[in-house]
Amino acid sequence: MSIADLTSIKATQSAIEAGSVTTVQIVRHYLNRIEEERHLNIYVDVYGEDALREATRQDEARTQGARMGKLAGVVLSIKDVVCYAGHGVSAGSRMLEDFVAPYTATALQRLLDEDAIVIGRTNCDEFAMGSGNENSHYGPTRNAADPARVPGGSSGGAAVSVQAGTCLLAMGSSTGGSVRQPASFCGLYGFKPTYGRISRHGLIAYGSSFDQIGYLSRQPQDIALALEISAGSDAFDATAPNKAVPLYSKSDVVRSPQSIAYFEETLNSDAIDPAIRAATAKAIQDLEAAGHKLVPVSFNYFDYVVPTYYVLTTAEASSNLSRFDGMRYGYRSPEASDLTETYTKSRSEGFGTEVQRRILLGTFVLSSGYYDAYYGKAQKVRRLIRDQLQGILDVHDFILMPVSPSLPWPVGEQVDDPVANYLADIYTVMANLAGLPAVAIPVATDGHLPVGYQLMADQWEEGKLLDFVRGL
Ligand code: GLN
């Protein structure tokens, strides 16, 4: 048996329980893989000693017959936006390069309480703003399928950490697609829950009414387990309601015929890469062949999805990021001679170009003369988008869409073209605008690059969505 073949939680835990491998051996294997794949720039920090210490503790506890947690032996990476007490967390930014988290994110704490082993924190776009992992202070992460190409973003490091076999499960975050899009670029499952399903406490904020923690894995079953452990209400997050958390990993898979809506234009639009159109068409055919009903429906607001997302998220980001002022957190410019200069120089030197661009845009759309025209209007359009998706989901079980209109692009190709980057978010931001759960599913490759498609479900129906995907 090779540890590299243990690609699911179940296989890993069975091998440990059968005594064919120890937890220490598993952690050593992953630490070796991290060394071998250093050129991909997956991790900002590797917690080798901590992970080995925890693995040793688990092996000893097991020998003594202790009851093990549901995630015993599971090696996890966390995106560099998730707070883990006593460990650095920088959101891929110079601003927080030396910042150490004073507490642990609720979702992560719940995984740790079930014996998950954190192997390190993964590279990402600065403050989770980007689609190619090229906006990181630590340089780009590279796609293991083709290191000349991006892995997607902003959870690019998270995706490659699983793709390259350096851990079993990755915790990422999604404001507008940062879990599904990199998962699709790297041939994985990537899942974001309903807004509020997982506490955001300890997740560094980008757009608070959009942000959700999500998971990337080779197995939808493993995502279901991580979700059932980490979901649920939290005294530290008023947007995580007190709603029962089903045992997502234990419910029956759904194989009965489902009604799945899709948008015809996604099969013939010139704006979508032909390999992705073909992959979407293949997904539709496969689902039809499996007995499901695939129904073309229309959606009136495609032209408004990206502008609405960028008006609202930049507005929220400009407010969220105002706390980084050189006084309370992180980087302070050594050059400043008075208070105003401390603010301006610290922010100019601490934030990268994309973050500054978004702060400017967000401040503009919130400014008194323009508030109604941009921010207020975008809030109304968000409601229209939500209502129309809701109308479709009142009639159908799921909505099927591509994840991204483009394949992973060459590193460096789009860095000077932010609008091209923004437009490529069209299919992923819809779920975040409407607060809906959605999952990216690997379907094909174009020869050498992976391609996925996504399914979206009604609010709080992540259980049904995962039951369906687990049965595929
Ligand atoms: N690419 C999108 C953006 O740049 C989504 C990012 C995310 O989900 N964090 O805003």
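Small disclaimer: the values here were computed from a predicted structure and weren't measured. (Residues numbered from 1 in each chain as written. Predicted model: local features only at pLDDT ≥ 70, side-chain atom pairs only at ≥ 80, totals over all residues. Heavy atoms only, no water.)

**Looking at the nonpolar core**
Here is step 1: Counting residues in hydrophobic clusters, the biggest one holds 144 residues, and the most contacted among them are Ile-119, Phe-127, Met-171, Leu-400 and Leu-455.
Here is step 2: Per element, the largest residue contribution to this core is nine residues, and it comes from helix H10 (residues 302–320).
Here is step 3: Beyond its immediate stretch of four places on either side in the chain, Leu-400 contacts Ile-260, Ala-261, Tyr-262, Phe-263, Thr-280, Ala-283, Ile-284, Leu-287, Leu-294, Tyr-453, Gln-454 and Leu-455. (Core = buried A, V, L, I, M, F, W, Y, C linked by side-chain atoms within 4.5 Å. Buried < 20%, exposed > 50% of the residue type's maximum accessible area, 1.4 Å probe, protein only. Helix = DSSP H or I, 4+ residues; strand = E, 2+ residues; numbered from the N terminus. Contact = heavy atoms within 4.5 Å.)

**Observations concerning the pattern of salt bridges**
Here is step 1: Within this structure, the stated rule accounts for 20 salt bridges.
Here is step 2: Between Arg-53 and Asp-50 there is a salt bridge, with the nearest N and O atoms lying 3.6 Å from each other. Placement of the pair is Arg-53 and Asp-50 together in helix H3 (residues 48–63), with a separation of three residues, close to one helical turn.
Here is step 3: On the basis of relative accessibility, which here comes to 53%, the residue Arg-53 falls in the exposed class.
Here is step 4: A salt bridge links Arg-277 to Asp-270; the nearest nitrogen and oxygen atoms lie 4.0 Å apart.
Here is step 5: Its relative accessible area of 19% is what places Arg-277 among the buried residues.
Here is step 6: We classify Asp-270 as exposed; its relative accessible area is 76%. (Salt bridge = Lys/Arg side-chain N within 4 Å of Asp/Glu carboxyl O.)

**Brief notes about the packing of H10 against helix H13 (residues 372–395)**
Here is step 1: Where H10 meets H13, the closest approach of the two axes is 9 Å, and the angle between their N-to-C directions is 125°. The orientation of H10 relative to H13 falls into the category oblique. Here H10 and H13 pass one another in a crossing that is left-handed. When H10 is examined against H13, the residues Tyr-304, Val-305, Thr-308, Val-311, Leu-312, Ala-315 and Glu-316 are found in contact with a partner set consisting of Tyr-374, Tyr-375, Ala-378, Gln-379, Val-381, Arg-382 and Ile-385.
Here is step 2: By residue class, the composition of the contact of H10 with H13 is ten nonpolar, two polar and two charged. (Axes fitted to C-alpha atoms, helices over the stretch in contact; angles between N-to-C directions. Parallel < 35°, antiparallel > 145°, perpendicular 65-115°, else oblique. Left-handed = near helix turned anticlockwise from the far one by under 90°. Nonpolar A, V, L, I, M, F, W, Y, C, P; charged D, E, K, R; others polar.)

**Overview of the packing of H10 against helix H15 (residues 426–434)**
Here is step 1: Between H10 and H15, the least distance of the axes is 9 Å, while the angle of their chain directions is 65°. Here H10 and H15 pass one another in a crossing that is left-handed. Counting all contacts with H10, which are made through Phe-302, Val-305, Val-306, Thr-308, Tyr-309 and Leu-312, the residues of H15 involved are Ile-426, Tyr-427, Val-429, Met-430 and Leu-433.
Here is step 2: Grouping the amino acids of the contact of H10 with H15 by side-chain chemistry returns ten nonpolar, one polar and no charged.

**Some details on H13**
Here is step 1: Taking 1.5 Å of rise per residue, the 24 residues of H13 would be expected to cover 34 Å, and the 34 Å separating its terminal C-alpha atoms lies within 8% of that figure.
Here is step 2: Tyr-375, Gly-376, Ala-378, Val-381, Arg-382, Ile-385, Gln-388, Leu-389, Gln-390, Ile-392 and Leu-393 are the residues of H13 that are buried. (Expected span 1.5 Å × (residues − 1).)

**Section: the pairing of strand E7 (residues 259–263)**
Every other side chain in a regular strand lies on the same face of the sheet, so the side chains alternate between the two faces.
Here is step 1: Counted residue by residue, E7 has five buried out of five residues, so it is predominantly covered.
Here is step 2: A two-sided burial pattern is seen for E7, the buried positions comprising Ser-259, Ala-261 and Phe-263 on one face and Ile-260 and Tyr-262 on the other.
Here is step 3: Bridge count between E7 and strand E9 (residues 398–402): three bridges; the pairing is parallel. Of the residues in E9, the one forming a bridge with Ile-260 is Phe-398. (Pairing = 2+ DSSP bridges.)

**What to know about the UniProt feature "active site" (unreviewed entry) in the protein chain**
Here is step 1: Mapped onto this numbering, the UniProt entry annotates "active site" (unreviewed entry) at Lys-79, Ser-154 and Ser-178. For the annotated residues, spread through 100 residues, the largest C-alpha to C-alpha distance comes to 10.8 Å, consistent with a single compact locus.
Here is step 2: Relative to the elements of secondary structure, Ser-154 occurs in the loop between strand E3 (117–122) and helix H5 (156–163).
Here is step 3: Those residues in contact with Ser-154 that sit more than four places away from it in its chain are Lys-79, Asn-123, Cys-124, Asp-125, Ala-128, Met-129, Gly-130, Asn-133 and Ser-178.
Here is step 4: Within the structure, the side chain of Ser-154 is placed 2.8 Å from the side chain of Lys-79, a separation counted as a polar contact.
Here is step 5: Here Ser-178 shows up in the loop between strand E4 (169–174) and helix H6 (180–185).
Here is step 6: On the basis of relative accessible area, Ser-178 is assigned to the buried category, the value being 6%.
Here is step 7: Apart from residues lying up to four places away in sequence, Ser-178 is in contact with Lys-79, Ala-128, Gly-130, Gly-153, Ser-154, Ser-155 and Ser-173.
Here is step 8: A polar contact of 2.7 Å, which involves the side chain of Ser-178, links it to the side chain of Ser-154. (UniProt positions renumbered as here; feature names shortened; annotations may be inferred. Polar contact = N/O pair within 3.5 Å; in protein donor to acceptor, adjacent residues only side chain to side chain.)

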